[in-house]
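Observations on the three-dimensional arrangement
Listed here are the chains, written in short residue letters.
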Amino acid sequence: MHKFQPIINFIQQLFNQQKGFISLHTPTFIGNEKKYLNECIDTTFVSSVGKFVDNFELKMAEYTGAKKAVSCVNGTNALHLALKLVGVEQGDEVITQPLTFIATCNAISYIGAKPVFVDVDLETMGMSPSALKEWLKECVELNELSQPINKISGKRVAACVPMHTFGHPVKIDEIVSICNDYNIPVIEDAAESLGSFYKEKHTGTYGKIGVLSFNGNKILTTGGGGMLLFNDDILAKRAKHLTTQAKVPHPWEFVHDEIGYNYRMPNINAAIGLAQLEQISLFVNAKRKIALEYQKYFNNSDVKYIIEPKNSASNYWLNCVMFENKLTRDEFLEFSNKNGVMSRPAWQLMNKLEMFKDCQCGKLTNSEYIADRLVNLPSSVIL
């Protein structure tokens, strides 16, 4: 028997699937999705106007504890808009982590800004407060206007974007506190962490703006979609204005008062999202049960299972294990995918990609360690 066959056997048993391919994360539709979709079709409200958009935003704000929520066509657009809303401009720099999905850095690039990479914590796999503090102390000073300026590049550091990696919350309160000392607004990339809480407060509600994603592989899907979370009514109102082509309300005239974006979520997508949101507690509880089964199994293994960080209640969006080295990791990836169990490594570190290879970096020891060893295992909801 191959040394990794017992893991494959366990996953097949866990998902009650001995034959066929077990995907990494598939959506679950068990509620009012068809009912709400039919209502969209029957009423013809399938585009960007309709009650489901408004209800989805209201219910999402209620669930997360945010003051306001504004939907977008996808999470990347939401990130782009969030950066614009906090004042990031062309030529600025934005602090983020190298262990992230490329959407984080793409959104920064859309504005013409440049990412700066600081290390992650091993416990959270998200931005390390100590690494952030060290980089800021070494490289940033406030000018006469109290703006944070990178002493090496001379550029303004306009925002900080930590990500709650694979659904596990970062130490976001510490990150916000550190950034406040330098007048740097924090945008939480909470794309993967709907249903995750840090110190009993939902991720995405600590920073200036939080960003969610509802891609088909997320814990809640709208097919494609995203959302901005706010604790500021004025900022939320401006976000809504910009997502709707910056159109000034008028009974019939087409008047636009600035450059806007067609970032509106269609009603038909929001209908799916609202039906999914009605099941979110069920989904999170089911995923936490799967995580517990993984944890029990790997407790008796040389493979390390990543549990939720201290002070956190994670949605366990994607279950993560760490192998002893890159060679063993790659051996497992090849064996599992050839044997009907989908597994994936962490993303290639952003600073290793061609378009970001010249970006400034702090010491990235933990990021490199994780990138060489981490594997995501099947994590779909089991009911």
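Residues numbered from 1 in each chain as written. Predicted model: local features only at pLDDT ≥ 70, side-chain atom pairs only at ≥ 80, totals over all residues. Heavy atoms only, no water.

**A word on the sheet that holds strand β13 (residues 312-313)**
Pairing is antiparallel in the open sheet, where 3 strands are placed in the order β9-β8-β13. The sheet is open, and its two borders are formed by β9 (201-202) and β13, each paired with just one other strand. (Pairing = 2+ DSSP bridges. Helix = DSSP H or I, 4+ residues; strand = E, 2+ residues; numbered from the N terminus.)

**Concerning the pairing of strand β16 (residues 374-377)**
Where burial is concerned, the two faces of β16 agree: the one with L374 and N376 and the one with V375 and L377 are both buried. Relative to β16, strand β15 (residues 344-345) runs antiparallel, the two sharing 2 bridges. Counted as the bridge partner of R344 is N376 from β16. (Buried < 20%, exposed > 50% of the residue type's maximum accessible area, 1.4 Å probe, protein only.)

**Describing the pairing of strand β11 (residues 226-230)**
Along β11, 5 of the 5 residues are buried, which leaves the element largely enclosed by surrounding structure. Burial along β11 is two-sided: the residues G226, L228 and F230 and M227 and L229 are all buried. With 5 bridges joining them, strand β1 (residues 68-72) and β11 adopt antiparallel strand pairing. Note that in β11 the partner of A69 across the bridge is L229. Where strand β10 (residues 209-213) meets β11, 5 bridges bridge the pair, whose relative direction is antiparallel. Paired with I209 across the bridge in β11 is F230.

**Some details on the pattern of salt bridges**
Counted under the stated rule, the structure contains 15 salt bridges. A salt bridge links K51 to E39; the nearest nitrogen and oxygen atoms lie 2.8 Å apart. Here the residue K51 occupies a position in helix α3 (residues 51-64), and E39 occupies one in helix α2 (residues 33-43), the gap between them amounting to 12 residues. In this structure E39 comes out as partly exposed when scored by relative accessible area, which is 26%. For R238, the salt bridge is made with E258, and the minimal N-O distance between the two is 2.6 Å. One end of the pair, R238, is in helix α8 (residues 233-243); the other, E258, is in the loop between α8 and α9 (267-277), and 20 residues separate them in sequence. Take E258: its relative accessible area is 31%, and that puts it in the partly exposed class. Counted as one network, the salt bridges with shared partners bring together D121, E123 and K171. (Salt bridge = Lys/Arg side-chain N within 4 Å of Asp/Glu carboxyl O.)

**Details of the nonpolar core**
What tends to happen in soluble globular proteins is that the nonpolar side chains get buried as a cluster. Counting 29 residues, the largest nonpolar core has L81, L83, V88, L228 and F230 as the members making the most contacts within it. Secondary-structure elements contributing two or more residues to this core are β1, α4 (75-85), α5 (102-111), β6 (157-161), β10, β11 and α8. The greatest single-element share of this core, amounting to 6 residues, is contributed by α4. Non-local contacts of L83, meaning those with residues more than four positions away in its chain, are made with V88, V94, A107, I108, I111, A159, V161 and I187. (Core = buried A, V, L, I, M, F, W, Y, C linked by side-chain atoms within 4.5 Å. Contact = heavy atoms within 4.5 Å.)

**Some remarks on the sheet that holds strand β14 (residues 319-322)**
The 4 strands are arranged β12-β14-β16-β15 in an open sheet whose pairing can be described as antiparallel. Every interior strand has two partners, whereas the edge strands, β12 (304-305) and β15, have only one. As paired elements, β14 and β16 share 4 bridges and run antiparallel to each other. When the sheet's bridge partners are listed, N319 is paired in β16 with L377.

**What about unusual backbone geometry?**
One can expect most non-glycine residues to show negative phi and most peptide bonds to be in trans. The backbone of M125 sits at a positive phi, close to 65°, despite the residue not being glycine. Tracing the backbone through its elements, the reader meets M125 in the loop between β3 (114-117) and α6 (129-139). The class of M125 is buried, set by a relative accessible area of 0%. Even without glycine at this site, E200 takes up a positive phi of about 65°.

**A closer look at the side chain of H241**
Within the element layout of this structure, H241 appears in helix α8. Judged by relative accessible area, H241 falls into the buried class, the value being 19%. Within the local environment of H241, its side chain forms a polar contact with the side chain of D257, the two groups lying 2.7 Å apart. Residues in contact with H241, not counting those within four places in the same chain, are A246, K247, V248, D257 and E258. (Polar contact = N/O pair within 3.5 Å; in protein donor to acceptor, adjacent residues only side chain to side chain.)

**Section: the packing of aromatic side chains**
With the rule as written, the count across this model stands at 16 aromatic pairs. For the ring pair F56 and F214, a centre distance of 5.3 Å and an interplane angle of 55° mean the geometry is tilted. Linking F56 in helix α3 with F214 in the loop between β10 and β11, this pair joins segments that are 158 residues apart in sequence. Each member of the pair F56 and F214 is classed as buried. Summarising the aromatic geometry, the rings of F298 and Y305 are spaced 6.5 Å apart at their centres and angled 0° between planes, so their arrangement reads as stacked. For Y305, a relative accessible area of 8% corresponds to the buried category. Among the aromatic side chains, those forming a connected cluster through ring pairs are F10, Y294, Y297, F298, Y305 and Y316. When the ring centre of Y206 is taken as origin, the NZ or CZ atom of K201, which lies over that ring, is 4.6 Å away. (Phe/Tyr/Trp six-rings, centres within 6.5 Å; stacked < 30°, edge-to-face > 60°. Lys NZ or Arg CZ within 6 Å of the ring centre and 35° of its normal.)

Just distances and angles here, no functional claims.
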